[in-house]
Amino acid sequence: MKKIVKIAAIVVAVVLVIALVAPMVLRGKIAEIVKREANAMLDARLDFEKLDISLLRHFPRASLDLKGLTLVGEEPFAGDTIVAAQRISVVVNVMSLFGDEGFEVTKIILSEPALHAHKLADGRVNWDVMKASEETSGEEETPADAEPSSFRLSVRDFRISDAAIRYEDDSTGMRFSTAPLSLRLRGDMSADQTDLDLRLTAGAVRLVSGGIPLLSDAEAELDAVIAADLKNNRFTFSRNRLRLNAIELTLDGWAEMKDDAVAMDITAGCDKVQFKDVLSLVPAFYTRDFRNLSASGELSMALWARGEMRGAALPAFELKTEVRNGSFQYSSLPKAVDGINIAARVANPGGVMDKTEVDLSKFTLRMAGNTLSASLYATNLVSDPVFRAAADGRVDLGAVKEVYPLGEDVALSGLISADVKVSGRMSDVEKARYGQIGASGTFVVEKLGLSMPGLPAVHIRRAAATITPASMTLGEFGVTVGKSDLAANGQLTGYIGYLLRGDKLSGRLYVKSDLLDLNEIM
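Residues numbered from 1 in each chain as written. Predicted model: local features only at pLDDT ≥ 70, side-chain atom pairs only at ≥ 80, totals over all residues. Heavy atoms only, no water.

**Student:** Help me out: how do you make sense of the overall build of the protein in this one?
**Tutor:** When you go through the protein residue by residue, the secondary structure sums to six helices and 26 strands. The contacts of the protein with a sequence gap of at least 6 include a subset with a gap of at least 24, amounting to 50%. (Helix = DSSP H or I, 4+ residues; strand = E, 2+ residues; numbered from the N terminus. Contact = heavy atoms within 4.5 Å.)

Shown next as structure tokens:
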């Protein structure tokens, strides 16, 4: 008996020594192999500082730790770090490595990863780093008696902590970033049926589109349990909550992944969101003075999508949002903006993007006694946009400083009044068929003054214009910029194409000036 115990102790000791020593001996060789093989497959440079393999840290499971990982692009993205991570940790069931049931990965942890995705104006992207595989003549045939692959990957716990994500699209001018981002996903990915428990938080969310900031320093949170039918790739949403700043949305329905399409029946919405929560999403309002802002009014929103997304084909969808009796006022300022009412709808009956309708049927507000209303409708957005827009109101720019904190160094004054209606089809604009376009109204600016640090003061004595489909008649225009003065009147043609498409603006103006200080203007 003693001999058996002694032999068993020796065996255990040898196993422990092997478990301790083998990873240390093989670590360097494994790291070299990983780097060499990865870089042979990539049009980018993969590197990492340290590779640790342990058979004891999570015994009876093995763990692999990768520290200081970087993936750096090649031309045209030379020097661009696409991916970086402080630490990547993978825990795997050792026994699953010796069976044919597939690998059982119990945990994957990404610590402080950074991702920078960049799309150039010509469409090239920095994440397309896989080298093109060699072309083969004809399709490879699979032998009839070949056994199906038994490889399966089971992940039960996936975590990302303190991630930084940045996306830049030079073709559209879109910019997106968020940091820090944390994610935790739990579920048995190898089961036919499982509940996916998802927790995601994102801070400092910023979104810019076409140079216009849409979100700035926003916070997002997703808490969801998704019933996943992994055998049929069908996911049913239940017990979920999506929050953007203080706005909470609920999501219900299902989505199913097919070979070449995604089928869905999804509804989302929020009821009676406070108007101040809506303003927290607008960068111009979400400043250091936001805590001193009081607001009233409510917003409601409803969204549904049904059908299939297949290639360029879209499911039927509709988004409705409404603001009722909104108002806001800064505690440090004497007046409020009130009477804010908005009704907007974006819808598509299903099919192509061209069928989408955008309808801003109502937009009204009052600002220190001044009223403004506008409306917009557009469809055929891809092939030949059809549009209808109107604006009517009077704005006292001097009252802006009474409702919005402009800053001590900014001075603004003047009156703007407009009553303008425009309608038509983009093809008529392109071909100068002005008889098919509707355009009428007047636009008047009086005693406008603007002064800002570092710029010469601007003063428009009066500017008055009337519009027809063919031309804009400038009856009067007088402006002073610093020491320079300018007066003009005349007629401009092709102004609709200039405003909508950036086409050439032409016309005849009679200009008079007593002094033009070009040094100051430049």
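Moving on from the model shown.
**Student:** Would you explain the layout of surface pockets in this entry?
**Tutor:** Think of a ball as big as a water molecule: rolled over the atoms, this probe shows where empty space is left. The space that makes up the largest pocket amounts to roughly 1200 Å³. In terms of lining, the largest pocket is formed by 36 residues, of which the most central are Val278, Val282, Leu299, Thr321 and Ile342. Residue classes in the lining of the largest pocket are distributed as 32 nonpolar, one polar and three charged. Taken together, 25 residues form the lining of the second largest pocket, with Val420, Phe443, Met472, Tyr495 and Leu499 sitting closest to its centre. (1 Å grid on protein atoms, 1.4 Å probe; cavity = no way out; pocket = protein on both sides within 12 Å on 5 of 7 lines; lining within 4 Å. Points joined across faces, edges and corners; volume = space filled by probe spheres on them. Nonpolar A, V, L, I, M, F, W, Y, C, P; charged D, E, K, R; others polar.)

**Student:** Can you help me understand the pairing of strand E17 (residues 337-348) in this one?
**Tutor:** For a regular strand, the rule is simple: side chains alternate between the two faces of the sheet. Pairing between strand E16 (residues 316-330) and E17: nine bridges, direction antiparallel. Pairing of Leu319 across the sheet is with Val346, part of E17. The turn joining E16 and E17, which pair antiparallel and follow one another in sequence, is formed by six residues. (Pairing = 2+ DSSP bridges.)

**Student:** Where do I start with unusual backbone geometry in this structure?
**Tutor:** Residues apart from glycine generally show negative phi values, whereas peptide bonds are mostly found in trans. Across the junction of Glu75 and Pro76, the peptide omega takes the value 5 degrees, indicating a cis bond. Topologically, Pro76 is positioned in the loop between strand E3 (61-73) and strand E4 (81-93). Across the junction of Ala179 and Pro180, the peptide omega takes the value 0 degrees, indicating a cis bond. Of note, Pro180 is situated in strand E9 (residues 174-186). We note that Asp162 has phi near 55 degrees; this positive angle belongs to a residue other than glycine. Backbone geometry places Lys447, a non-glycine residue, at a positive phi of 50 degrees.

**Student:** Teacher, can you tell me more about the side chain of Asp80 here?
**Tutor:** Residue placement: Asp80 occurs in the loop between E3 and E4. Put simply, Asp80 is tucked away with no salt bridge, and the nearest opposite charge, on Arg166, sits 5.7 Å away. Within polar-contact distance, the side chain of Asp80 engages the side chain of His116 at 2.9 Å. Setting aside anything within four residues of it in sequence, one finds Asp80 in contact with Leu71, Val72, Gly73, His116, His118 and Asn126. (Buried < 20%, exposed > 50% of the residue type's maximum accessible area, 1.4 Å probe, protein only. Lys, Arg positive; Asp, Glu negative; His and termini not counted. Salt bridge = Lys/Arg side-chain N within 4 Å of Asp/Glu carboxyl O. Polar contact = N/O pair within 3.5 Å; in protein donor to acceptor, adjacent residues only side chain to side chain.)

**Student:** In this structure, what is going on with the pattern of salt bridges? I would like to understand it.
**Tutor:** Pairs can form between side chains of opposite charge once their charged atoms are near each other. What the rule picks out here adds up to 31 salt bridges. For Asp197, the salt bridge goes to Arg199, with nearest N and O atoms at 2.2 Å. Overall, the relative accessible area of 36% leaves Arg199 in the partly exposed class. Between Lys483 and Asp517 there is a salt bridge; the shortest N-O distance is 3.4 Å. With a gap of 34 residues between them, Lys483 in the loop between strand E24 (471-481) and strand E25 (484-493) and Asp517 in the loop between strand E26 (506-512) and helix H6 (518-521) connect regions that are remote in the sequence.

**Student:** Explain a negative patch on the surface to me, please; I cannot follow it from the model alone.
**Tutor:** A surface patch of like charges, here negative, comprises Asp43, Glu74, Glu75 and Asp128. Mapped onto the elements of the fold, Asp43 is located in the loop between helix H1 (2-41) and strand E1 (44-47). Owing to a relative accessible area of 40%, Asp43 belongs among the partly exposed residues under this scheme. (Patch = residues over 30% accessible without salt bridge, like charges linked within 9 Å, V, L, I, M, F, W, Y side chains within 5 Å. Areas by Shrake-Rupley, 256 points an atom, 1.4 Å probe, with all protein chains shown as cover. Charge placed at Lys NZ, Arg CZ, Asp CG, Glu CD.)

**Student:** In this structure, what is going on with the confidence of the model for the protein? I would like to understand it.
**Tutor:** Should the pLDDT be low somewhere, the predicted coordinates at that spot are not to be read in detail. On average, the protein scores 81 in pLDDT, and the residues at 70 or more come to 84%. In this model, residues 3-22 is a region of pLDDT below 50 whose contacts with residues beyond four sequence positions or in other chains number six contacts. Below pLDDT 50 for its whole length, residues 135-140 participates in zero contacts with residues either more than four positions away or in separate chains. (pLDDT = per-residue confidence, 0-100.)

**Student:** Could you clarify how one ought to interpret the environment of Thr106 in this entry?
**Tutor:** Mapped onto the secondary structure, Thr106 falls in strand E5 (residues 103-111). We classify Thr106 as buried; its relative accessible area is 14%. Placed 52 residues apart in sequence, Thr106 and Phe158 show a C-alpha to C-alpha distance of 8.5 Å.

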